[in-house]
Amino acid sequence: GPMATMRYSDTAEEVRRTARRPAMRHEAVFRHLLRISRAMAGRLDFQSAIQAVSHEMQEVLPHDHLDVCIVHRDMHVAYEAGLHTDWGLTPAMHPVVGSPIRDLLMGVEPFLISDDAVNDPRFGFDGAFNHPIHDQNLRSRLHVPLIVHGDIIGALSCSKHDKGFYRRTDIP
């Protein structure tokens, strides 16, 4: 597997990088959530709202790419901030079964975190609409469901070019 090819120096570098990223205290996260809420106030178009969320989330959850995926029956569409990929540039809805995060969208997994999505088999199944992961080198990925009244309506996804950036403690 991927761990077999990892050298000690790679692991040491990941530990140093993670150590440089201090965990935020709950009060700080709460203040950021309030700022996100204020940033969205009065925004009428979804793209503008996503940009505002992305900007306000940078300090809480740094990312090179952020998207909000909205599910409608067995189809989904993505709205992006930061890097723009074919997920967001293609206006048509896509089948959920082809989504690299289909297990999250279908409720099989409560969240997804990948240290290296480029080589993660969960994102590379037959028929996966996953070329943006490779095209934009989106290695570290974190995905959480958007749930309303117990139903999954979509997902919030953050990606970084760095390997091993996100950790379990990034999800409340």
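Since the model is a prediction, treat every value here as computed from it, not as a measurement. (Residues numbered from 1 in each chain as written. Predicted model: local features only at pLDDT ≥ 70, side-chain atom pairs only at ≥ 80, totals over all residues. Heavy atoms only, no water.)

### Description of the nonpolar core
Step number 1: Within the largest apolar cluster, 16 residues are counted, with the highest numbers of intra-cluster contacts made by W87, I101, L105, F123, I133 and A155.
Step number 2: Elements represented by at least two residues in this core include exactly β1 (65–72) and α5 (102–105).
Step number 3: Excluding residues within four positions of it along the chain, F123 makes contact with P100, I101, L112, S114, A117, A128, N130, I133, R141 and H143. (Core = buried A, V, L, I, M, F, W, Y, C linked by side-chain atoms within 4.5 Å. Buried < 20%, exposed > 50% of the residue type's maximum accessible area, 1.4 Å probe, protein only. Helix = DSSP H or I, 4+ residues; strand = E, 2+ residues; numbered from the N terminus. Contact = heavy atoms within 4.5 Å.)

### Some words on the pairing of strand β2 (residues 75–82)
Step number 1: With 8 bridges joining them, β1 and β2 adopt antiparallel strand pairing. Following the sheet pairing, H72 is matched in β2 by M75.
Step number 2: Joining the antiparallel neighbours β1 and β2 is a turn of 2 residues, in which R73 adopts a positive phi near 55°.
Step number 3: Of the pairings in the sheet, the one linking β2 to strand β3 (residues 94–95) comprises 2 bridges and is antiparallel in character. The partner of M75 across the bridge, within β3, is P95. (Pairing = 2+ DSSP bridges.)

### Some words on the packing of aromatic side chains
Step number 1: Applying the stated criterion across every chain yields a total of 1 aromatic pair.
Step number 2: For the cation-ring pair, R141 lies above F123, with the distance from its terminal atom to the ring centre recorded as 5.7 Å.
Step number 3: A cation over an aromatic ring shows up here: K160 above the ring of F165, its NZ or CZ 5.0 Å from the ring centre. (Phe/Tyr/Trp six-rings, centres within 6.5 Å; stacked < 30°, edge-to-face > 60°. Lys NZ or Arg CZ within 6 Å of the ring centre and 35° of its normal.)

### Quick look at the confidence of the model for the protein
Step number 1: Per-residue confidence for the protein gives a mean pLDDT of 82, with 76% of residues at or over 70.
Step number 2: Looking at the elements of the protein, mean pLDDT is at its lowest for helix α1 (residues 8–19), recorded as 50, and at its highest for strand β4 (residues 112–114), recorded as 97.
Step number 3: In this model residues 1–9 is a low-confidence stretch, pLDDT under 50, and it forms 2 contacts with partners more than four residues away in sequence or in other chains. (pLDDT = per-residue confidence, 0-100.)

### Some remarks on the pattern of salt bridges
Step number 1: For the structure shown, the criterion picks out 4 salt bridges.
Step number 2: Salt-bridge contacts for D116 lead to K163; the nearest nitrogen and oxygen are separated by 3.8 Å. Of this pair, D116 sits in the loop between β4 and α6 (131–135) while K163 sits in the segment after β6 (151–160), and the two are 47 residues apart along the sequence.
Step number 3: Look at K163 and you get partly exposed, because its relative accessible area is 38%.
Step number 4: For R122, the salt bridge identified is with D120, shortest N-O distance 2.7 Å.
Step number 5: You can call R122 partly exposed: its relative accessible area is 37%.
Step number 6: Owing to a relative accessible area of 12%, D120 belongs among the buried residues under this scheme.
Step number 7: A network of salt bridges, in which partner residues are shared, links D116, R139 and K163. (Salt bridge = Lys/Arg side-chain N within 4 Å of Asp/Glu carboxyl O.)

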